[in-house]
Every structure is written in structure tokens, then in C-alpha cells.
Amino acid sequence: MRQTPENITAMIAELGYGGVKKAIRASYWELYRLGYNTKEMKEALSREFGTADPMIRNFIYFEFH
């Protein structure tokens, strides 16, 4: 598992998981516009947001089929 970066941990503390979900969705659509496939998008989001936090991991892996 990739550790959750400090900036994302701070975002969780400040905005809660709703803010993190919005950030993940925005990153997802940016990657989509750049032509990434689903597997590549999940890997890139995992690198950016980390997968140590179960809520973030589940959102990345199960929200975007």
C-alpha cells in the first residue's frame, strides 16, 4: 500500500472525505481527458492520493469501474 501523502491527510482533516472525493473525481476527469485508460487512471490516482487509507482506496478502486 502506498502511504497517504501529507497534503491529502491535511485535506482530510480540513475538508473531510467529501473534499477528497471531489479532488479524486477532478483528477479522474483530467486523466480521462488526457486519454488514460481505466487501469492507468486507477494507478495514477493511487500514486497521487495513496492507498493506506481504506476510504480513499475503496473509492479509487470501486467507484471507477
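Calculation rules
Residues numbered from 1 in each chain as written. Predicted model: local features only at pLDDT ≥ 70, side-chain atom pairs only at ≥ 80, totals over all residues. Heavy atoms only, no water. Helix = DSSP H or I, 4+ residues; strand = E, 2+ residues; numbered from the N terminus. Buried < 20%, exposed > 50% of the residue type's maximum accessible area, 1.4 Å probe, protein only. Contact = heavy atoms within 4.5 Å. Areas by Shrake-Rupley, 256 points an atom, 1.4 Å probe, with all protein chains shown as cover. Lys, Arg positive; Asp, Glu negative; His and termini not counted. Charge placed at Lys NZ, Arg CZ, Asp CG, Glu CD. Core = buried A, V, L, I, M, F, W, Y, C linked by side-chain atoms within 4.5 Å.

Before going further, it helps to spend a moment on the overall build of the protein chain. The number of helices and strands found in the protein chain is three helices and zero strands. Moving toward the C terminus, one meets the helices and strands of the protein chain in the order α-α-α. Across the 65 residues in the protein chain, those meeting the buried criterion constitute 34%. Nonlocal contacts in the protein chain, meaning residues at least 24 apart in sequence, comprise 60% of its contacts between residues at least 6 apart. Accessible area for the protein chain stands at about 4300 Å²; split by element, carbon and sulfur atoms hold 53% of it. Separation between the mean location of the 9 positive side-chain charges and that of the 8 negative ones in the protein chain comes to 6 Å.

Here we come to the nonpolar core. Core analysis: the biggest nonpolar cluster contains 14 residues, and Val 20, Ile 24, Leu 45, Phe 49, Ile 56, Ile 60 and Phe 64 have the highest contact counts within it. Elements with a contribution of two residues or more to this core: helix 1 (6-33), helix 2 (38-49) and helix 3 (54-63). Considering every element that reaches this core, the biggest residue donor is helix 1, with six residues. Among residues more than four places away in sequence, those in contact with Leu 45 are Ile 24, Ser 27, Tyr 28, Leu 31, Gly 50, Ile 60 and Phe 64.

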